[in-house]
Amino acid sequence: KAPLHRVLSNETKERYSTPFFYNPSYASMVEPLTISSENQNESGPNTEAEPQYSGVLWGYFRAVRFAGDLTDLGVEIQVADFLLHDHQKSQSDHVGRQEVFAKQVDFSKPFSVEKFRPLLQESSCQN
């Protein structure tokens, strides 16, 4: 089921919609931006807040999402799977799995779900 989109329309003007999709390179590590405490209303000028999420290898995230969406091998991976607890370690094993995945995959070649089945299977991705 698609998410509900609430768009307010103007009944007197015609509305045009243009989708925009942005995907980084599969080899990209997407990491949280640091935010100064000044922007978070904390004490101390310009100190950096600890990240709340570990980095996400985009190719791994997309592969697991693909496996979860289009096959029966994967799980419904979420950004929350990369949430750090006590700002040190994620409770999910996706962080470790993406490191193994990064060493094994060649993003210049077509992706094979079967080849990476052990890293994508639901039973092996659970905590």
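In the block above lies the structure referred to throughout.
The rules behind these values
- Residues numbered from 1 in each chain as written.
- Predicted model: local features only at pLDDT ≥ 70, side-chain atom pairs only at ≥ 80, totals over all residues.
- Heavy atoms only, no water.
- Helix = DSSP H or I, 4+ residues; strand = E, 2+ residues; numbered from the N terminus.
- Buried < 20%, exposed > 50% of the residue type's maximum accessible area, 1.4 Å probe, protein only.
- Polar contact = N/O pair within 3.5 Å; in protein donor to acceptor, adjacent residues only side chain to side chain.
- Contact = heavy atoms within 4.5 Å.
- Core = buried A, V, L, I, M, F, W, Y, C linked by side-chain atoms within 4.5 Å.
- Axes fitted to C-alpha atoms, helices over the stretch in contact; angles between N-to-C directions.
- Parallel < 35°, antiparallel > 145°, perpendicular 65-115°, else oblique.
- Nonpolar A, V, L, I, M, F, W, Y, C, P; charged D, E, K, R; others polar.

(A) View of the side chain of Ser92. By the secondary structure assignment, Ser92 is in the loop between β4 (89–90) and α2 (94–104). Residue class for Ser92 comes out buried when judged on its relative accessible area of 13%. A polar contact is formed between the side chain of Ser92 and the backbone oxygen of Asp81, at a distance of 3.4 Å. Polar contacts involving the side chain of Ser92 include one to the main-chain amide nitrogen of His94, which spans 3.1 Å.

(B) Spatial organisation of the environment of Gln104. By secondary structure assignment, the location of Gln104 is in helix α2. For the pair Gln104 and Lys115, spaced 11 residues apart in the sequence, the C-alpha separation amounts to 9.9 Å. In contact with Gln104, other than residues within four places in its own chain, are Lys115, Phe116 and Leu119.

(C) Expanded view of the nonpolar core. In this structure, Tyr60, Phe101 and Leu120 are the most contacted members of the largest nonpolar core, which totals 17 residues. Mapped by element, the contributors of at least two residues to this core are β2 (56–57), α1 (58–70) and α3 (117–120). Considering every element that reaches this core, the biggest residue donor is α1, with six residues.

(D) Geometry of the packing of α1 against α2. The contact between α1 and α2 brings their axes to 9 Å, and the two run at 105°. Comparing the axis directions of α1 and α2 gives the class roughly perpendicular. Counted together, Gly59, Tyr60, Ala63 and Val64 of α1 and His94, Arg97, Gln98 and Phe101 of α2 form the full contact between these two elements. Per-class residue counts for the contact of α1 with α2 are four nonpolar, three polar and one charged.

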